[in-house]
Every structure is written in structure tokens, then in C-alpha cells.
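Residues per chain, in single letters:
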Amino acid sequence: ATPKMLHVSRLYIGVTELLRKQNCPLERLHIDTMDDDEASRLARSLKNNRTLIEIVIYDDTMFLYGYGWRNIASRLCNTRDITATYNDSNHTLAKFDTKRTTRRGSIRQPLKVRSYLAMNSLSNKKVVAEIKVVESHFARNFILDQFKEMK
């Protein structure tokens, strides 16, 4: 049986290479620590990945400066143009947790990342892609709740 979960101490290049493969079996990736550079590498590896649904970082001490999150957000929703949003965005990753807490509480993703992850949690990936296109290219104050009443 092929493992569907992997726990590593750092995001090694071999892991990102595995994630880039179209037949990648991983659904869950747990990483002890990650910095912005590793997050950027991870983001690039998510482009064609259609299996990874969960990432958990246990200590993101160095993952707080911003460009790592920006790169993750841009891979979850590539806003370059409509085609890129539809075809080059990751519509599968639905959970990206950080387990580290500070005196101020848990460290959380930027709102944009949380929004894309929530969209990705929908089961119909075609609908996910369509919502991202509408949100990114046609509406300023798009609210996902507007679609709840549609059939």
C-alpha cells in the first residue's frame, strides 16, 4: 500500500519533487518546521498537485514574514488571468494548519489563504474553480454565501 500521509522535520527537496508528480499519493503532509523559503518551494510544488488535502506545520517560528503566505495564496488562486485562475490554481488543498501558539494566541493564515482553503473544501472542484474566477476577476466584494441558495 502506498502511504497517503508523510511527516517530515523540514520540507526537503525530495518532498516537493514528490508533490509535483501527477501520480503523487500523498493526501496529508505534516512538517515540524518551515520558513518562508520552504513555503515558497511548497507553493510551487502545489501547481499540478491534485491529491494533497492537508498540510500541518508544528512550529512556524520562521514562517511569519509574509512572502511565504503570499506564495501559498498565489498558488491556491493564480489571479494572473481567468485561464490561470481556472487551470493553474490548486483547488484541492483544503487544510493548512499551524500548531504553534504565542502569548497572543494561535498563529493564523491571512484571510485570503483561509478563504481559498474554505473554497477548496467544496467537493466539486469545477465549482471551486468557477468561484475563484468570479471572485478574482468579476466581483470586488464577492461573498460565497450568495451561492448557497443556488441549485
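Residue numbering note: each chain is counted from 1, following its sequence as written. Since the coordinates come from a predicted model, pLDDT governs what is reported: local features require at least 70, and pairs of side-chain atoms require 80 or more to be given and counted, while whole-chain, interface and lining totals use all residues. Calculated side-chain values reflect all of the structure's heavy atoms, with hydrogen atoms and water omitted.

1. A few points about the packing of helix H3 (residues 67-76) against helix H5 (residues 111-120)
Then comes step 1: Two numbers describe how H3 lies on H5: the axes approach to 9 Å, and their chain directions differ by 30°. Crossing geometry of H3 relative to H5 is assigned as left-handed. Counting all contacts with H3, which are made through Trp 69, Ile 72, Ala 73 and Leu 76, the residues of H5 involved are Lys 112, Val 113, Tyr 116, Leu 117 and Asn 120.
Then comes step 2: Residues are grouped as follows: nonpolar covers Ala, Val, Leu, Ile, Met, Phe, Trp, Tyr, Cys and Pro; charged covers Asp, Glu, Lys and Arg; every other residue, Gly included, is treated as polar. Taken together, the residues that form the contact of H3 with H5 break down as seven nonpolar, one polar and one charged. Helix axes are fitted to C-alpha atoms over the stretch in contact, other axes to C-alpha atoms as well, and angles between N-to-C directions run from 0 to 180 degrees. The helix count covers DSSP runs of H or I at least four residues long, the strand count covers runs of E at least two residues long, and both are numbered beginning at the N terminus. Helix crossings get a hand from a simple test, with the near helix turned counterclockwise from the far one by less than a right angle marking a left-handed crossing and a clockwise turn marking a right-handed one. Residue contacts follow a heavy-atom distance rule, with two residues in contact if any of their heavy atoms lie within 4.5 Å.

2. A closer look at the environment of Thr 92
Then comes step 1: Positionally, Thr 92 belongs in the loop between helix H4 (82-87) and strand E4 (95-98).
Then comes step 2: Taking the C-alpha atoms as reference, Thr 92 lies 9.2 Å from Met 119; in sequence the two are 27 residues apart.
Then comes step 3: Leaving out residues up to four positions away in the same chain, Thr 92 has contacts with Asn 49, Arg 50, Thr 51, Leu 52, Ile 53, Asn 120 and Lys 125.

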